[in-house]
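Per-entry structural report
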Amino acid sequence: MNHIVITYLLYLAISAGLTAWVAQTLFKNGRVFLVDVFHGDEGLADSVNHLLVVGFYLINLGYISLMLKLGYDVATARESIEALSWKVGLVLLVLGAMHFFNLYLFSRIRRRATLSDVPPPVGPDACTVVREG
Amino acid sequence: MLTLHVLYDADCDLCCRVRAWLEAQPKYVDLAFTAAGSAEARGRFPLLDHQATLKEFTVVSSGGLVYRGAKAWLMCLWALREYRGWSLRLGSAELMPIARRVIAWASGNRFRFNRYSAWVGRG
């Protein structure tokens, strides 16, 4: 096997491993959030959690696959490592951005859920009689 | 189910556009609109000072609680899904005096805004 094929294989292995690690972190720790949001409904929380993680995998693996091609030849081990670090760095940045986006989604869902039970911010000025109809 | 009855000035173009905007927003709490000082308003709230509702924006909850001026606006925001967070922020002790002043100024000048009111929703 020449250097380029080894670089590609290493790139795929490292990127897929990192994606799986971040997705597992999200899956484990996001669940607590979602159970709270859905008022203890664990079935619904697990379902939403699973759907979010599937989306996360699809976007990241899609990006990794699209970014595979190097566009230049790699002749030495040094060039291989340099190319690899550039590619993996990009994948890490995208993973980081996706991770923060997911955190933002969690906090947004949670804020929505807690806001629905909040009492009015101000007290009334007076009371009156209301006739229905 | 809680409903907030909104008594708005039907003679004011800006108020009617704000009403149309409020009607179009997704809500936590139903808003029912009644022209201030109208026969309908007098029939529904027999003990309310209707002359005062023409001067100051008023919201009455289905339970009979009356909110006036800035408080009435905050109650409208509180009813909306997209703006409940804002109603809590503006209703805090730090921002409430500013909100009260801005709203008093805007409602005192509301007829002057008629020519700009096309900016607010489509009524």
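Residues numbered from 1 in each chain as written. Chains lettered and ligands numbered in written order. Predicted model: local features only at pLDDT ≥ 70, side-chain atom pairs only at ≥ 80, totals over all residues. Heavy atoms only, no water.

1. Structural notes on the interface of chain B and chain A
Our working definition: Whether two residues are in contact is decided by their heavy atoms: any pair within 4.5 Å suffices. Summed over both partners, the accessible surface that disappears when two parts come together, traced with a 1.4 Å probe, is what is meant by buried area. One speaks of a salt bridge when a side-chain nitrogen belonging to Lys or Arg is within 4 Å of a carboxyl oxygen belonging to Asp or Glu. We define a polar contact as two N or O atoms separated by no more than 3.5 Å, with the added condition that, inside protein, one atom must be a possible hydrogen donor and the other a possible acceptor, whereas residues neighbouring each other in sequence contribute only through side-chain atom pairs. Labels follow the DSSP assignment, with helices taken as runs of H or I lasting at least four residues and strands as runs of E lasting at least two, numbered in each case from the N terminus. Amino acids are sorted into nonpolar (Ala, Val, Leu, Ile, Met, Phe, Trp, Tyr, Cys and Pro), charged (Asp, Glu, Lys and Arg) and polar (every other residue, Gly among them).
In this complex, chain B contributes 27 residues to the contact, which on the side of chain A involves 20 residues. Of the roughly 2,100 Å² buried between chain B and chain A, counting both surfaces, carbon and sulfur atoms make up 59%. Linking chain B with chain A are one salt bridge, by the criterion used here. Joining chain B to chain A, the criterion identifies eleven residue pairs in polar contact (both at pLDDT 80 or more). Going through the elements one at a time, helix H2 (39–44), strand E3 (58–61), strand E4 (65–68), helix H4 (70–79) and helix H5 (84–90) of chain B are the ones with two or more residues in the side of chain B that touches chain A. In terms of residue class, the side of chain B that touches chain A is made up of 14 nonpolar, eight polar and five charged.

2. Let's talk about the state of the cysteines
Residues and elements named next belong to chain B. Note the following rule: A pair of sulfur atoms, both from cysteines and within 2.5 Å, is called a disulfide here. Exposure categories follow from relative accessible area, calculated using a 1.4 Å probe and restricted to protein chains: below 20% of the type maximum is buried, above 50% is exposed, and the middle band is partly exposed.
Applying the stated rule across the entire model yields one disulfide over all chains. Covalently, Cys12 is tied to Cys15 through a disulfide, its sulfur atoms 2.3 Å apart. When the S-S torsion is 85°, as for the bridge of Cys12 with Cys15, the disulfide is right-handed. The residues Cys12 and Cys15 share a single accessibility class, namely buried. In this structure Cys16 is not part of a disulfide, and its nearest cysteine sulfur, from Cys12, lies 6.6 Å away. Looking at Cys16, the relative accessible area reads 28%, which means it is partly exposed.

3. A word on helix H3 (residues 77–115) of chain A
Residues three or four positions apart in an α-helix share a direction because the helix packs 3.6 residues into each turn. Defined as follows: A helix is expected to span 1.5 Å multiplied by its residue count minus one.
The end-to-end C-alpha separation of H3(A) is 56 Å, in line with the 57 Å expected for 39 residues at 1.5 Å each. Three or more residues of H3(A) are buried, namely Ser80(A), Ala83(A), Leu84(A), Lys87(A), Val88(A), Val91(A), Leu95(A), Met98(A), Asn102(A), Phe106(A), Ala113(A) and Leu115(A).

4. Structural notes on the environment of Leu65(B)
Along the chain, the position of Leu65(B) falls in strand E4. By relative accessible area, Leu65(B) is classed as partly exposed at 29%. Excluding anything up to four places from it in sequence, Leu65(B) contacts Pro124(A), Ala126(A), Cys127(A), Val59(B) and Val60(B).

5. Regarding the confidence of the model for chain A
Caution applies to low-pLDDT regions: their predicted coordinates should not be interpreted in detail. Definition in use: The predictor attaches a confidence to each residue, and that confidence, scored 0 to 100, is pLDDT.
Of all residues in chain A, 98% attain a pLDDT of 70 or more, and the chain-wide mean is 88. Between the elements of chain A, mean pLDDT differs from a low of 86, seen in H3(A), to a high of 92, seen in helix H2 (residues 42–66) of chain A.

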